[in-house]
Amino acid sequence: MTDVKGKPGQDRLRLYIGASVILILISIGLFATYVFGTKKMYDESVNNVYTTILEFQEGSLKETVERTIKDVELERSRVMNELESFYKSIGTFSEEKLENDRIENLLKAFKDIHIVNEYSVKTHWMIWDHTQGALKYTNDEVAQDIDTQGAFEAHIIKHYKYKMIFKTLSDEYTIVMGTKEADIDEAVKAVSANKIRELALDDGGYIWVDEIVNYGEADEYAIRLVQPNRIDTEGMLLSMDEKDADINFPFLNELEDIKKYGESTNKYYYKKKDSNELGLKLGYTKLYPRYNWMIGTGIYLEELEQYHVQNIKRFEEELQKQIYITLINFVVLLFIVLITGGLLSSYYSFKKRELVEERNKILEGHYQILGKKYDKTHEILHDVKNHLASIYCLAMETQSQQLVNYIKSMNHDLSKLSHTVLTGNKMLDIILNDKMETMQKEEIQFDYNIQDVQLDFIEDKDLVSLLANAFNNAIEGAKRSEAKTIHFNLYAYNQAFITFKLVNSCDTLPKTKGNQLITTKEDKDFHGYGMRSMYKTAEKYEGRLGWEYSKEAKEFTLSITLPKA
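1. Remarks on the pattern of salt bridges
A complete count under the given rule lists 20 salt bridges for this structure. Notably, a salt bridge pairs Asp140 with Lys180, separated by 3.0 Å at the nearest N-O pair. Placement of the pair is Asp140 in the loop between strand S3 (134-138) and helix H3 (149-159) and Lys180 in strand S5 (residues 173-180), with a sequence separation of 40 residues. Considered together, Asp140 and Lys180 belong to a single accessibility category, that of buried residues. A salt bridge links Arg224 to Asp210; the shortest N-O distance between them is 3.6 Å. In this pair, Arg224 is assigned in strand S7 (residues 220-226) and Asp210 in strand S6 (residues 207-212), connecting sequence segments 14 residues apart. On the basis of relative accessibility, which here comes to 5%, the residue Arg224 falls in the buried class. The structure contains a network of salt bridges with shared partners spanning Glu459, Lys461, Asp462 and Lys540.

Here's what the structure looks like:
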């Protein structure tokens with residue numbers, strides 16, 4: 001048996017408090033979500049600014065390195081153009097100077113020809129003696145062992161990028177002057193390295209050059225060619241095992257990136273220029289494959305990090321200010337919502353009470369009218385029965401059998417108008433007989449068991465509220481069931497309590513909210529007041545309203561227990 005003490009006012013209070021708590025929790029959740037969301041947005045904004053600046057700086061570093069690589073390529077083009085012009089001038093000069101075929105004059109001619117070019121590119125000489133079939137003279141170390149004319153000619157084709165070949169007038173000698181690709185590279189490297197070393201970038205920046213000697217096959221993988229920040233390290237081998245102050249492996253990371261992508265961007269700690277202090281540096285290096293050079297530059301991130309920290313601090317202060325403003329607005333809004341909700345809840349409860357009271361008044365008025373009709377009908381029936389008794393006696397004296405039968409028929413019909421339930425309580429009799437008439441129309445089987453109990457302590461309007469509403473609900477459930485039965489019990493318990501028990505057939509489980517029954521009708525705004533009225537009346541007499549449902553028997557039982565005054 002589900003036992004519910006009839007305190008709808010307290011239930012409404014609990015409901016309002018529960019709803020307020022839920023609203024507060026939801027509001028706190030929304031506020032927390034707003035705070036965390038705003039903080040996340042601020043953090044992302046700060047990080048985006050930092051990332052954007054970092055990307056810009058990285059782009060600037062890449063542009064500097066790319067420009068340097070282009071300068072090296074341009075230097076190489078200049079060297080080659082200079083060599084072309086140089087060889088053209090030597091060709092004209094040699095035709096003028098080397099006219100005789102005497103070796104002494106030839107050697108003197110080489111000595112007199114003072115070869116000068118802007119880049120000091122090495123020039124190789126070779127003299128082949130056709131009379132002896134041997135190499136007469138060379139300053140090319142690779143050509144020292146040449147002993148045939150074929151090897152002599154093959155060497156010229158294979159090794160000399162630029163060359164000038166001419167013979168003496170007597171065809172006794174073939175003279176070759178040439179420049180190798182490696183000679184050009186060495187000259188370009190030397191000139192480019194000097195220019196890079198002397199190049200000064202903004203904010204004390206510089207460019208460094210390392211030449212890879214192996215791609216990780218050995219620990220010492222590169223030679224430092226240019227390092228304006230540490231000139232004392234130029235010419236030294238670089239080790240992949242070298243660590244920075246943060247226990248990073250900058251050289252190892254750089255080489256791995258170079259092998260995979262041809263470029264590398266890394267953060268590491270390195271000595272500041274003109275200082276022994278270490279600073280966090282963003283470095284960018286790119287491979288120049290022609291010379292196996294890693295050309296790089298970088299910037300110290302100290303100022304950027306300080307700017308980033310300042311941004312974070314400024315954003316946090318702004319966020320805190322926004323949170324305070326939002327919190328104040330939130331508290332004010334929550335207060336307004338709670339006050340408004342309380343007022344609306346009170347108004348809604350007041351309107352409900354009005355509707356319940358109005359409904360009870362209508363029910364009470366209905367049964368008062370029925371009571372008056374009951375009294376009037378009872379009086380009329382009493383008088384009519386007396387008149388019919390007198391007429392019956394006269395009819396018997398006159399031996400009018402037809403009249404006697406007519407009077408008996410009228411008495412039978414009048415007996416149907418009399419109330420069949422007599423409990424000693426006028427209002428209870430009216431309610432029961434009224435509902436019996438409804439049950440007859442709905443073809444509901446009704447039986448009852450009523451003890452002789454005193455109900456004088458219950459006001460008529462409260463009895464109507466309890467029983468009329470209870471029977472209405474029972475009839476509503478029974479008429480939809482297959483069995484269509486209602487049983488009513490009224491009894492006293494220990495002379496201290498009285499119990500109304502109403503059992504009706506019901507094929508479906510009643511709808512509930514918490515422990516309280518709710519209406520099954522669609523328009524809940526205009527129905528369900530019968531149950532509220534019953535709860536309220538039970539509360540008035542400090543009673544209890546309980547119910548249970550049996551799935552097996554398909555029966556719904558409602559019990560109302562009231563202490564006797």
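Having seen the structure, we can now continue with the description.
2. Quick word on the sheet that holds strand S9 (residues 263-271)
Read across the open sheet, the 6 strands follow the order S8-S7-S6-S11-S10-S9; overall the sheet is antiparallel. Two strands close off the open sheet at either side, each with one partner strand: strand S8 (237-239) and S9. Each strand of the sheet is rotated relative to its neighbour by a mean of 35 degrees, with strand direction disregarded. The pairing of S6 with strand S11 (residues 293-300) spans 5 bridges and is classified as antiparallel. The residue bridging Val209 from the neighbouring strand is Ile295, located in S11. Along the sheet face, helix H4 (residues 181-198) touches S6, S7 and S11 and points at about 70 degrees away from the line of S7. Taken strand by strand, helix H5 (residues 250-261) contacts S6, S7, S8, S9, strand S10 (278-288) and S11, and its axis lies near 170 degrees from that of S9.

3. Focus: the environment of Pro289
When you line up the elements, Pro289 lands in the loop between S10 and S11. Given the relative accessible area of 58%, Pro289 is considered exposed. In this structure, the C-alpha to C-alpha distance between Pro289 and Gly262, residues 27 residues apart in sequence, is 8.9 Å.

4. Quick look at the nonpolar core
With 39 residues, the main nonpolar core has Leu455, Ile458, Ile486, Phe488, Phe500 and Leu562 as its most contacted residues. At the level of secondary structure, the elements contributing two or more residues to this core comprise helix H8 (426-441), helix H9 (460-479), strand S13 (485-493), strand S14 (497-505), helix H10 (529-540), strand S17 (544-550) and strand S18 (555-563). No other element matches the 10 residues that H9 contributes to this core. Those residues in contact with Phe500, other than ones at most four positions away along the chain, are Leu455, Ile458, Leu463, Leu467, Phe488, Asn489, Leu490, Leu558, Ser559, Ile560 and Leu562.

5. Comments concerning the environment of Ser264
Structurally, Ser264 can be placed in strand S9. Beyond its immediate sequence surroundings of up to four residues, Ser264 is in contact with Asn253, Glu254, Asp257, Ile258, Gly283, Tyr284 and Thr285. Here the side chain of Ser264 touches Asn266 through a polar contact of 2.7 Å, side chain to side chain.

6. Some points on unusual backbone geometry
For Lys484, which is not glycine, the phi dihedral falls at a positive 55 degrees. Turning to its location among the elements, Lys484 is positioned in the loop between H9 and S13. Of note, the phi angle at Glu542 is positive, near 55 degrees, even though the residue is not glycine. The residue Glu542 is located in the loop between H10 and S17 in this model. The exposure class assigned to Glu542 is exposed, which follows from its relative accessible area of 64%.

7. Regarding the sheet that holds strand S4 (residues 160-167)
The strand order S3-S2-S5-S4 describes an open sheet built from 4 strands, whose pairing is antiparallel. Each edge of the open sheet carries a strand with a single partner, namely S3 and S4. The average undirected angle you get between the axes of adjacent strands in this sheet is 20 degrees. Along the sheet, H3 contacts strand S2 (124-129), S3, S4 and S5; its crossing angle with S4, the most-contacted strand, is approximately 140 degrees. Helix-sheet contacts for H4 involve S2, S4 and S5, and the interaxial angle to S5 is about 40 degrees.

8. Re the pairing of S5
In terms of residue burial, S5 counts as a mostly covered element, since 8 of its 8 residues are buried. Neither face of S5 is exposed, since Tyr173, Ile175, Met177 and Thr179 on one face and Thr174, Val176, Gly178 and Lys180 on the opposite face are all buried. Bridge analysis of S2 against S5 gives 6 bridges, and the strand direction is antiparallel. Residue pairing across strands places Trp125 opposite Met177, the latter belonging to S5. Summarising the sheet, S4 and S5 pair through 7 bridges and their orientation is antiparallel. Counted as the bridge partner of Ile165 is Val176 from S5.

9. Notes on the pairing of S17
A regular strand places its side chains so that they alternate between the two faces of the sheet. Examined bridge by bridge, S17 and S18 share 7 bridges and lie antiparallel to one another. Bridge pairing in S18 links Glu548 to Thr557. What sits between S17 and S18 in their antiparallel hairpin is a turn of 4 residues, with Lys554 showing a positive phi close to 55 degrees.

10. Regarding a nonpolar patch on the surface
Taken together, Ile17, Val21, Ile24, Leu25 and Ile28 make up a surface patch of nonpolar side chains, about 420 Å² in accessible area. By the secondary structure assignment, Ile17 is in helix H1 (residues 8-97). The class for Ile17 is partly exposed, based on a relative accessible area of 44%.

11. Quick word on the confidence of the model for the protein
In regions of low pLDDT, the predicted coordinates are not meant to be interpreted in detail. Looking at the protein as a whole, its pLDDT mean stands at 78, while 73% of the residues score no less than 70. Contacts from residues 93-102, a stretch scored under 50 in pLDDT, to residues over four places away or in other chains number 14 contacts. Note on residues 523-527: pLDDT is under 50 here. Beyond four places in sequence and across chains, it has 5 contacts.

12. Some thoughts on the packing of aromatic side chains
The tally for this structure, following the rule as stated, stands at 11 aromatic pairs. Between the aromatic rings of Phe471 and Phe488, the centroid separation amounts to 5.4 Å while the plane-to-plane angle is 50 degrees, which identifies the pairing as tilted. A residue pair is termed long-range when its members are at least 10 positions apart, and Phe471 in helix H9 and Phe488 in strand S13 qualify at 17 residues. When sorted by exposure, Phe471 lands in the same class as Phe488, which is buried. Of the aromatic side chains, those joined through ring pairs into one cluster are Phe446, Tyr448, Phe471 and Phe488.

13. Focus on the packing of H8 against H9
At their nearest, the axes of H8 and H9 sit 10 Å apart, and the two run at 20 degrees to each other. Here H8 is positioned roughly parallel relative to H9, judged by the angle of their axes. As H8 runs across H9, the sense of the crossing is right-handed. Judged by residue contacts, Met427, Leu428, Ile431, Leu432, Lys435, Thr438 and Met439 of H8 engage Asp460, Leu463, Val464, Leu467, Ala468, Phe471, Asn472 and Ile475 from H9. The class makeup of the residues in the contact of H8 with H9 is 11 nonpolar, 2 polar and 2 charged.

What counts as what
Going along each chain's sequence as written, the residues are numbered from 1 onward. Totals for whole chains, interfaces and linings use every residue, but because this is a predicted model, local features are given only for residues with pLDDT of at least 70 and side-chain atom pairs only at 80 or more, for both listing and counting. Side-chain metrics in this entry use all non-hydrogen atoms of the structure; hydrogen atoms and water are not considered. When a carboxyl oxygen of Asp or Glu is within 4 Å of a side-chain nitrogen of Lys or Arg, the pair counts as a salt bridge. Working definition: helices are DSSP H or I runs of at least four residues, strands are E runs of at least two. Numbering for both runs from the N terminus. Throughout, exposure labels follow a simple rule: accessible area from a 1.4 Å probe, protein chains only, divided by the maximum for the residue type, with under 20% read as buried, over 50% as exposed, and the rest as partly exposed. The pairing criterion is simple: DSSP has to find at least two bridges between the two strands. For helices, the fitted line uses only the C-alpha atoms of the stretch in contact; every axis is such a line through C-alpha atoms, and the angle between N-to-C directions lies from 0 to 180 degrees. In what follows, residue pairs with any heavy atoms lying within 4.5 Å of each other are defined as contacts. Nonpolar cores are built from buried Ala, Val, Leu, Ile, Met, Phe, Trp, Tyr and Cys residues. Side-chain atoms within 4.5 Å join them into one set. What qualifies as a polar contact is a pair of N or O atoms within 3.5 Å, subject to a donor-acceptor requirement within protein and to the restriction that residues adjacent in sequence count only when both atoms come from side chains. For patches, a residue must show more than 30% relative accessible area and have no salt bridge; joins then use 9 Å for like charges and 5 Å for nonpolar side chains, namely Val, Leu, Ile, Met, Phe, Trp and Tyr. Note on areas: these come from Shrake-Rupley sampling with a 1.4 Å probe, and a residue is covered only by the protein chains present in the view. pLDDT is a per-residue confidence score from the predictor, ranging from 0 to 100. Only rings of Phe, Tyr and Trp enter the pairing, Trp through its six-membered ring, and a pair is recorded when the two centres are within 6.5 Å. The plane angle decides the type: under 30 degrees is stacked, over 60 is edge-to-face, the rest tilted. For classification purposes, an angle smaller than 35 degrees is called roughly parallel, one larger than 145 roughly antiparallel, one from 65 to 115 roughly perpendicular, and anything else oblique. Each crossing gets its hand from how the near helix is turned against the far one by less than a right angle, where anticlockwise is left-handed and clockwise is right-handed. Polarity classes work like this: nonpolar for Ala, Val, Leu, Ile, Met, Phe, Trp, Tyr, Cys and Pro, charged for Asp, Glu, Lys and Arg, and polar for all others, with Gly in that last group.

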